[in-house]
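Next come the chains, spelled out residue by residue.
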Amino acid sequence: MEVSYEHLFASILAILHLKYLVPLLLGTVAGVIGGALPGITITMTIIMVLPFTFGLDPLQGLAAMTGVYVGGSAGGSITASLIGIPGTPSAIATTFDGFPMTRNGEPGRAIWVGVWAAFLGGLLGGVFLIAATGPLASVALEFGPWEYFSLFVFALSMVAGLVGTSITKGLLSGAIGLVITVIGSDPIMGVPRFTLGTDFLRGGFPFLPVLIGIFAFAQLMSDIEKMRRDGSSESTGPMPKLWVSQPKVLWEILSRPFLLIWSTFIGILIGVLPAIGGSAANVMAYDQAKKFSRRPEKFGTGIPEGIIASESSNNANVAGSLVTIMAFGIPGDAVTAVMLGAMTIHGIQPGPLFISQHPTIAYGIYAAYLVALPLMVLVIAAGARAWLRVIMVPKSILIPIVLVLCVIGAYALNNIMDDVYVLLIFGLVGYALVKLGVPLAPLILGLILGDQIELNMIRAIATDPSPWLFLTRPISGGLLLASVLSMVLAFWQHHRAKARGATAEEEDVDF
Amino acid sequence: MLGRDSVTGLACLALSLGMLVLTRGLPESAMVPVGPAFYPRIVLVLMAGLSLLLVALDWRTGRAGRPAGAKAAAAPNYRLVVVTFTAFIVYVVLLPLLGFRIATFLFVGGLQALLEPPRSARRWALVLVIAIVTTLVTYLAFEQYLSVLLPRGRWTEF
């Protein structure tokens, strides 16, 4: 599938039209603020923006979400650099050098090295997004049900193996996701399964209320746990001075081309792999930057290399995630999982046929992504101080508002209270799972892919009952082999980490 | 005492076994070689197996002596978690009875006051203003602009 540059330019011009530019700009502003708010992840922000997109046309809604995604990835670096708390998990590594740089008296430099690195990493990621999605979708077009089944199994095995500290819990989490999808009518005959005779469960659990419930409550309740016992808010310091020479900052990044390109590559790679997400990309890119550096001992003292690695990788990660969802219909992370849900509400099924069947929307997403990058820079430049004031809003005000938006997001799907009850049930489930140390990413992926795994498995068996075809068809067999290898690799890494005496870390609720 | 992983494993094992029993009542398919119970049985057996493995691993770790975890900086504030969940459940129950506007005003105002009890008249005023503004802005944005019909109250008709 060739890239049509004519179509791309036309889409960029269309996105610049107020009809799309306004939602994109509002999404970017929401993303920068949400990304910068400690405890509010990009996933949470996109969940809050979701109900506002239901009444819009598909491209307007997706433009708003793309804006949130791009803005959020950069917004996280503001708090990471200024107060040493990452606004999102994808800005964790930015704190390592961003905050020391601020303490060294250069807060403006810390923020703007991050913003420009995010811009440039995102731009390089955008080139990959546009160039690679079509060819990858063409490969996926050759897939039969056997290959799809194996691809989804591979995606699941990979996430379960790479997320969290216990592989068994990762796999169990994926299995819970798959089990949730078997509740409701079966996809071939429509026979009700596990509905306990109620109409409430007949249609199964709708994906978006489950996703919102699991993520929103897991995130918000973890924040509430950390609130002080007297209920008082954290005090904040005076506003820092953020002025800096922009050409000088840009040169700081461009004079390190290898670092920029390598970190971007890591970001794209992690983005393309299903559901691992920016939280892994930025730490991995930082680690690589340190290993390749001639002055590794300076990392952590406030040098620009650490910020460049982290920020360029997490924005390139956005592009990588978009490639996976547009070419294969598999979300690269929780944000693209919500985008997938939003697309299906508008009757659009992402996957190999997405670009050929919905070229206007596919190129519109490319265009929105490219336009969102300079918008993100402008939004931060125009309102960094204003956004900082918003960031300082106490949690006691923010949390009730977020919960109301979650309720509206679930309710507005079908205008029924049942979806709100599903939100509540899975809110409790999500928080319980976090407390039990079960990673959420594999569950969500199992939930997204469960129906497709069953459908493709039955299609394959209905076409030819021989189960060996899953192994003997080259691509399908290769993917299943890759699934086994990814599990072996995960076990090996786990064993090695244990041998080194690595301590278990708290599970992150973001992908 | 059971470890955290054993609790998780046993809960998932009970769920998967219970659901496996329910698959016995599902009919066979005349159209395809596998019926509606085929795939659920695979995933439920997978879940049961992983649950058992988790329990076994936790039991082995328990026998070897659990490593002392890093001490948290502060004990989690579970009281506020329970308060928030309770307030949310009450909100969800009241939503179809009182209607979106009244229930949302009460929820936003109430939860703010519960999470950070106001200690001055100015703070109370802020809580009220935020509750009113949130209710009005969401109501107007969704009902007027985005054509979402938010719940009306069965008791209040509002």
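A. A look at the overall build of chain A. Counting its regular elements, chain A contains 21 helices and two strands. A compact globule built from 511 residues should have a C-alpha radius of gyration of about 24 Å, and chain A, at 22 Å, falls within 12% of that. Principal-axis analysis of the C-alpha atoms places the extent of chain A at approximately 70 × 55 × 50 Å. Out of the 511 residues belonging to chain A, those deemed buried represent 62%.

B. Region of interest: the overall build of chain B. What chain B contains, in helices and strands, is five helices and zero strands. Listed N to C, the secondary structure of chain B is α-α-α-α-α in terms of helices and strands. In terms of overall dimensions, chain B is more spread out than a globule: its C-alpha atoms have a radius of gyration of 25 Å, far above the 15 Å expected for 158 residues. In terms of overall dimensions, chain B has a C-alpha envelope of 60 × 55 × 25 Å along the principal axes. For chain B, the proportion of its 158 residues judged to be buried stands at 30%. The contacts of chain B with a sequence gap of at least 6 include a subset with a gap of at least 24, amounting to 66%.

C. Just helix 18 (residues 418-435) of chain A, in detail. In a regular helix each residue adds 1.5 Å, so 18 residues correspond to 26 Å; helix 18 of chain A covers 26 Å between its end C-alpha atoms and thus fits that length. In this fold, the buried residues of helix 18 of chain A make contact with helix 9 (207-225) and helix 17 (395-414) of chain A together with helix 3 (78-98) of chain B. Where helix 18 of chain A ends, the next residue or the one after it, Gly 437 of chain A, has phi of about 75°, a positive value.

D. Inspection of the packing of helix 17 of chain A against helix 5 (residues 121-145) of chain B at higher detail. Remark: helix 17 of chain A packs on helix 5 of chain B, axes separated minimally by 11 Å, with the N-to-C direction vectors making an angle of 25°. Regarding the angle of helix 17 of chain A to helix 5 of chain B, the classification is roughly parallel. Pair helix 17 of chain A / helix 5 of chain B crosses with right-handed handedness. Contacts between helix 17 of chain A and helix 5 of chain B involve Ile 397, Ile 401, Val 404, Ile 408 and Ala 412 of chain A from the former and Ile 130, Thr 134, Thr 138 and Phe 142 of chain B from the latter.

E. The arrangement of the packing of helix 5 (residues 92-103) of chain A against helix 13 (residues 304-328) of chain A in detail. All names here are of chain A. One can describe the packing of helix 5 onto helix 13 by two numbers: an axis separation of 8 Å at closest approach and a directional angle of 160°. The angle between the axes of helix 5 and helix 13 places the two elements in the roughly antiparallel class. Of the two elements, helix 5 crosses helix 13, and the hand of that crossing is left-handed. Counting all contacts with helix 5, which are made through Ala 93, Thr 94, Phe 96, Asp 97 and Gly 98, the residues of helix 13 involved are Gly 306, Ile 307, Ser 310 and Glu 311.

F. Seen up close, the confidence of the model for chain B. Residues and elements named next belong to chain B. Mean pLDDT over chain B: 90, with 93% of residues reaching 70 or higher. Within chain B, no element has a lower average pLDDT than helix 2 (residues 38-64), which sits at 92, and none a higher one than helix 4 (residues 100-115), at 97. For this predicted complex, the interface score ipTM comes out at 0.94, alongside a pTM of 0.85.

G. View of helix 5 of chain B. With 25 residues, helix 5 of chain B extends 35 Å from end C-alpha to end C-alpha; this agrees with the ideal 36 Å at 1.5 Å per step. Among the residues of helix 5 of chain B, those classed as buried are Val 127, Ala 131, Thr 134, Thr 135, Thr 138 and Phe 142 of chain B. Looking at the packing, one finds that the buried side of helix 5 of chain B touches helix 3 (42-53) and helix 17 of chain A together with helix 4 of chain B.

H. Spatial organisation of the environment of Ala 334 of chain A. If you trace the backbone, Ala 334 of chain A turns up in helix 14 (residues 334-345). For the pair formed by Ala 334 of chain A and Leu 485 of chain A, sequence separation is 151 residues and the distance between their alpha carbons is 25 Å.

I. Expanded view of unusual backbone geometry. Of note, Leu 196 of chain A is a non-glycine position whose phi angle comes to about 55°, a positive value. Mapped onto the elements of the fold, Leu 196 of chain A is located in the loop between strand 2 (192-193) and helix 9.

J. Structural context of the interface of chain A and chain B. At the interface, 52 residues of chain A touch 54 residues of chain B. Those elements that provide at least two residues to the side of chain A that touches chain B are helix 3, helix 8 (167-181), helix 9, helix 17, helix 18 and helix 19 (441-463) of chain A. At nine residues, helix 17 of chain A tops the list of elements feeding residues into the side of chain A that touches chain B. The residue makeup of the side of chain A that touches chain B, split by class, is 37 nonpolar, nine polar and six charged.

K. A look at the environment of Ala 384 of chain A. Residues and elements named next belong to chain A. Checked against the element boundaries, Ala 384 lands in helix 16 (residues 359-391). According to the C-beta neighbour criterion, Ala 384 is buried, with 20 such atoms within 10 Å. Sequence-distant contacts of Ala 384, defined by excluding residues within four places in its chain, comprise Ile 111 and Leu 242.

L. Fine view of the environment of Leu 208 of chain A. All names here are of chain A. The residue Leu 208 is located in helix 9 in this model. Owing to 25 C-beta atoms within 10 Å, Leu 208 belongs among the buried residues under this scheme. The sequence separation of Leu 208 and Met 339 amounts to 131 residues, and the corresponding C-alpha distance is 10.0 Å. Dropping the residues within four chain positions of it, Leu 208 is found in contact with Gly 341, Ala 410 and Leu 413.

Conventions adopted
- Residues numbered from 1 in each chain as written.
- Chains lettered and ligands numbered in written order.
- Predicted model: local features only at pLDDT ≥ 70, side-chain atom pairs only at ≥ 80, totals over all residues.
- Helix = DSSP H or I, 4+ residues; strand = E, 2+ residues; numbered from the N terminus.
- Rg over C-alpha atoms; globule rule 2.2 N^0.38 Å.
- Buried ≥ 20, exposed ≤ 12 C-beta atoms within 10 Å, placed from the backbone.
- Contact = placed C-beta atoms within 7 Å.
- Expected span 1.5 Å × (residues − 1).
- Axes fitted to C-alpha atoms, helices over the stretch in contact; angles between N-to-C directions.
- Parallel < 35°, antiparallel > 145°, perpendicular 65-115°, else oblique.
- Left-handed = near helix turned anticlockwise from the far one by under 90°.
- pLDDT = per-residue confidence, 0-100.
- Nonpolar A, V, L, I, M, F, W, Y, C, P; charged D, E, K, R; others polar.

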